[in-house]
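# Understanding the architecture of this molecule
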Amino acid sequence: DVKVTQSSRYLVKRTGEKVFLECVQDMDHENMFWYRQDPGLGLRLIYFSYDVKMKEKGDIPEGYSVSREKKERFSLILESASTNQTSMYLCASGRDSANTGELFFGEGSRLTVL
Amino acid sequence: AQKVTQAQTEISVVEKEDVTLDCVYETRDTTYYLFWYKQPPSGELVFLIRRNSFDEQNEISGRYSWNFQKSTSSFNFTITASQVVDSAVYFCALRSNAGGTSYGKLTFGQGTILTVHP
């Protein structure tokens, strides 16, 4: 069974803290993505990675960074968390760019910043 | 730029009613792919269907059916004889290369919350 695993389902952090959200996939996928989900806004792409150590900005990268040191792992980093980053974060993976298949998603990490 | 619009924020029906979820998309590409995902309360998005821009045939899978019309840029999703287990958030999404490679990234609509009452 294919799997995308996000390390934390629920996190509560304070403003200014550094936050790491981890995502691991076991499907040997080339591409990995971080989306943010907010009511009424759907899913918005923060960053994605198409290879180890490669990354590209999505639609809303401000305030975030990412790291992909190994193919199976993609981390989202909030250098200094702010209250407007309270949200549900969803990690996804997919095959290479030539593939037209679907993305596979993790269960999400709900982050609250106080 | 590409865009997906799901105008229905919330829909509430009673079990066994049919319900249609609307999706309208915008893209300049001639080759693109459309998707529907279901997000149950557990949070994980579940893939339902993929349709490419060259295939306008409607598709039926059990109680689910999809109507793709390029002329109106719509990809609507109908659930026949709805059940309580269909209660979820449903997302329509678009993938197009927009002149380059997309690396598989999807543009999502705002989502439609479907509640099916017993």
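The structure reproduced in this document is the subject of the present report. (Residues numbered from 1 in each chain as written. Chains lettered and ligands numbered in written order. Predicted model: local features only at pLDDT ≥ 70, side-chain atom pairs only at ≥ 80, totals over all residues. Heavy atoms only, no water.)

### Some thoughts on the packing of aromatic side chains
Under the definition given, this model contains 20 aromatic pairs over all chains. Taken together, a centroid distance of 5.9 Å and an interplanar angle of 25° make the contact between A:Phe33 and A:Phe48 stacked. Highlighted residues: A:Phe33 in strand β4 (residues 31-38) and A:Phe48 in strand β5 (residues 42-51), separated in sequence by 15 residues. Accessibility assignment for this pair places A:Phe33 and A:Phe48 in one class, buried. Seen in terms of ring centroids, B:Trp66 and B:Phe77 are 5.0 Å apart; in terms of plane orientation they differ by 5°. Their pairing is stacked. Placement of the pair is B:Trp66 in strand β8 (residues 64-69) and B:Phe77 in strand β9 (residues 74-79), with a sequence separation of 11 residues. The pair formed by B:Trp66 and B:Phe77 is uniform in burial state, with each residue classed as buried. The structure contains a cluster of three or more aromatic residues connected by ring pairs, namely A:Phe33, A:Tyr35, A:Phe48, A:Phe105, B:Phe35, B:Tyr37, B:Phe47, B:Phe91 and B:Phe108. (Phe/Tyr/Trp six-rings, centres within 6.5 Å; stacked < 30°, edge-to-face > 60°. Helix = DSSP H or I, 4+ residues; strand = E, 2+ residues; numbered from the N terminus. Buried < 20%, exposed > 50% of the residue type's maximum accessible area, 1.4 Å probe, protein only.)

### Looking at the state of the cysteines
When the sulfur atoms of two cysteines share a covalent bond, that bond is a disulfide. All names here are of chain A. A full pass over the atoms with the stated rule returns 2 disulfides over all chains. Here Cys23 is linked by a disulfide to Cys91, with a sulfur-sulfur distance of 1.9 Å. Linking Cys23 and Cys91, the disulfide has an S-S dihedral of approximately -75° and is accordingly described as left-handed. Here Cys91 lies in strand β9 (residues 87-94) and Cys23 lies in strand β3 (residues 19-25), a separation of 68 residues in the sequence. For Cys23, a relative accessible area of 0% corresponds to the buried category. (Disulfide = S-S within 2.5 Å.)

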